[in-house]
Amino acid sequence: MEQIEHHACFGGRQEVWKHASSTLGCEMRFGVYLPPAALAGQRCPVLYWLSGLTCSEQNFITKAGAQAHAAEHGLILVAPDTSPRGEGVANDAAYDLGQGAGFYLNATQAPWVPHFRMEDYVVQELPALVEAQFPASERRAIFGHSMGGHGALTLALRHPGRYASVSAFSPIVAPSQVPWGQKAFAAYLGDDRAAWAEHDAVAMIAGDLAERLPLLVDQGEADEFLAGQLKPELLQQACAAAGHPLTLRRQPGYDHSYYFIASFIGEHIAHHAQALRA
């Protein structure tokens, strides 16, 4: 690993690291915020943030205003990139496929298979690295935005016991039913709709789930993608039918941007801190 950024921040330190990922077969970057408790040698729980389409680790660490809240609650924040990148990594000219659009799954189709294994990276390789290199405990939680909200929900549901809590901002809750998800799933997973359902939060909740983590979701009502891509009502209906615990908060006037995320990030971090302390 090589540290490429470090900044004093709310008594802690915001860092950015790069490393050679054996899972993805390329160099990856991630942001890590170490709160004052971690710098003092205390082993702290880790809260993972998954970003949306086109983003890198930089969007969250520079725009969300999360560090002050993580410092208060003694949480390490880890923000990986959204996909593998670099020469030799498959890509597409569109913003919603390829580099910057990994969808937090393991691809099964060419040309994506060699590198696009973001599920394994986020769930296995990155936590192992974080827990070995930083004063991190084995207590983990996960949240994200848009494509990253999809990733947070599905990874938490697919890996029972791995995370103490999960939340999302403006998540793609039913990717099998909206253009963003249909395009990505067809490319990465092929035409098998059963494979799609395994990475679709609404479809998963309608099935027989072992993981019953309560879901916290914030959705802006002025979000330009609300009706066409996000459809939170589908998650609400699926959770009601299955008896799965869901808190869905519709926030009037808020859009899809980091202004929305920054407005409610403190409440999400407090939600995770409570679960991580339990």
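Preceding this paragraph is the structure being described.
Residues numbered from 1 in each chain as written. Predicted model: local features only at pLDDT ≥ 70, side-chain atom pairs only at ≥ 80, totals over all residues. Heavy atoms only, no water.

Peer 1: Just to check I follow, could you spell out the overall build of the protein chain for this structure?
Peer 2: Secondary structure assignment for the protein chain yields 11 helices and nine strands. At 17 Å, the protein chain has a C-alpha radius of gyration in line with the 19 Å of a compact globule built from 278 residues. Expressed as lengths along the three principal axes of its C-alpha atoms, the size of the protein chain is roughly 50 × 40 × 35 Å. When the 278 residues of the protein chain are sorted by exposure, 59% land in the buried category. A separation threshold of at least 6 residues defines the contact pool for the protein chain, and within that pool the share at least 24 residues apart is 70%. As presented, the protein chain carries roughly 10600 Å² of accessible surface, and 50% of it is formed by carbon and sulfur atoms. Here the protein chain contributes 18 positively and 28 negatively charged side chains, and the mean placements of these two sets differ by 4 Å. (Helix = DSSP H or I, 4+ residues; strand = E, 2+ residues; numbered from the N terminus. Rg over C-alpha atoms; globule rule 2.2 N^0.38 Å. Buried < 20%, exposed > 50% of the residue type's maximum accessible area, 1.4 Å probe, protein only. Contact = heavy atoms within 4.5 Å. Areas by Shrake-Rupley, 256 points an atom, 1.4 Å probe, with all protein chains shown as cover. Lys, Arg positive; Asp, Glu negative; His and termini not counted. Charge placed at Lys NZ, Arg CZ, Asp CG, Glu CD.)

Peer 1: What exactly am I supposed to notice about the environment of alanine 141 here?
Peer 2: Looking at the secondary structure, you find alanine 141 in strand S6 (residues 136-145). Since its relative accessible area comes to 0%, alanine 141 is described here as buried. Residues alanine 141 and tyrosine 48 lie 93 residues apart in sequence; the distance between their C-alpha atoms is 6.2 Å. Sequence-distant contacts of alanine 141, that is, excluding residues within four places in its chain, are made with Val46, Leu47, Tyr48, Tyr163, Ala164, Ser165, His272 and Leu276.

Peer 1: Is there a simple way to explain the sheet that holds strand S1 (residues 2-9) in this structure?
Peer 2: The strands making up a sheet are joined through hydrogen bonds of the backbone, oriented either antiparallel or parallel. Strand order in the open sheet formed by nine strands is S1-S2-S3-S5-S4-S6-S7-S8-S9, with mixed pairing between adjacent strands. The outermost strands of the open sheet, each flanked by one partner alone, are S1 and strand S9 (246-251). This sheet shows a mean twist of 20 degrees between the axes of neighbouring strands, independent of strand direction. The pairing of strand S3 (residues 26-34) with strand S5 (residues 76-80) spans four bridges and is antiparallel. For glycine 31, the partnering residue across the bridge sits in S5 and is alanine 79. Packed onto the sheet, helix H10 (residues 232-242) meets strand S8 (215-220) and S9 and runs at close to 155 degrees relative to S9. Packing against the sheet, helix H11 (residues 258-277) makes contact with strand S4 (44-50), S6, strand S7 (166-169), S8 and S9, and its axis sits at approximately 150 degrees to S6. (Pairing = 2+ DSSP bridges. Axes fitted to C-alpha atoms, helices over the stretch in contact; angles between N-to-C directions.)

Peer 1: Honestly, the pattern of salt bridges in this entry has me stumped. Any pointers?
Peer 2: Working definition: two side chains of opposite charge can pair if their charged atoms are close together. For the coordinates displayed, the defined rule picks out nine salt bridges. For the salt bridge of aspartate 96 with lysine 183, the shortest nitrogen-to-oxygen distance reads 2.8 Å. Taken together, the residues aspartate 96 in the loop between S5 and helix H4 (118-133) and lysine 183 in helix H6 (residues 179-189) connect sequence positions 87 residues apart. Accessibility expressed as a relative area gives 9% for aspartate 96, which makes it buried. One salt bridge connects aspartate 120 with arginine 117, and the closest N-O pair in it is separated by 2.8 Å. Given the relative accessible area of 25%, aspartate 120 is considered partly exposed. Residue classification places arginine 117 among the partly exposed residues on the basis of a relative accessible area of 27%. One connected set of salt bridges, linked through shared partners, spans Asp218, Arg249 and Glu267. (Salt bridge = Lys/Arg side-chain N within 4 Å of Asp/Glu carboxyl O.)

Peer 1: Please explain the packing of aromatic side chains as it appears in this structure.
Peer 2: How two aromatic rings sit relative to each other is given by the distance of their centres and the angle of their planes. Tallied over the entire structure, the rule returns 17 aromatic pairs. When the centroid spacing of 4.7 Å and the interplanar angle of 85 degrees are considered together, the rings of tryptophan 49 and phenylalanine 143 count as edge-to-face. Separated by 94 residues along the polypeptide, tryptophan 49 in strand S4 and phenylalanine 143 in strand S6 bring together distant segments of the chain. The same class applies to tryptophan 49 as to phenylalanine 143, namely buried. Centroid distance tryptophan 112 to tyrosine 188: 5.3 Å. Interplanar angle 90 degrees. Geometry classified as edge-to-face. Of this pair, tryptophan 112 sits in the loop between S5 and H4 while tyrosine 188 sits in helix H6, and the two are 76 residues apart along the sequence. One exposure class covers both tryptophan 112 and tyrosine 188, and it is buried. Members of the aromatic cluster, joined through ring pairs, are Trp49, Phe60, Phe143, Phe169, Tyr254, Tyr258, Phe260 and Phe264. (Phe/Tyr/Trp six-rings, centres within 6.5 Å; stacked < 30°, edge-to-face > 60°.)

Peer 1: Can you help me understand the pairing of S1 in this one?
Peer 2: Working note: regular strand, side chains alternate between the two faces of the sheet. Examined bridge by bridge, S1 and strand S2 (residues 12-21) share seven bridges and lie antiparallel to one another. Looking at S2, one finds that histidine 6 is bridged to glutamate 15.

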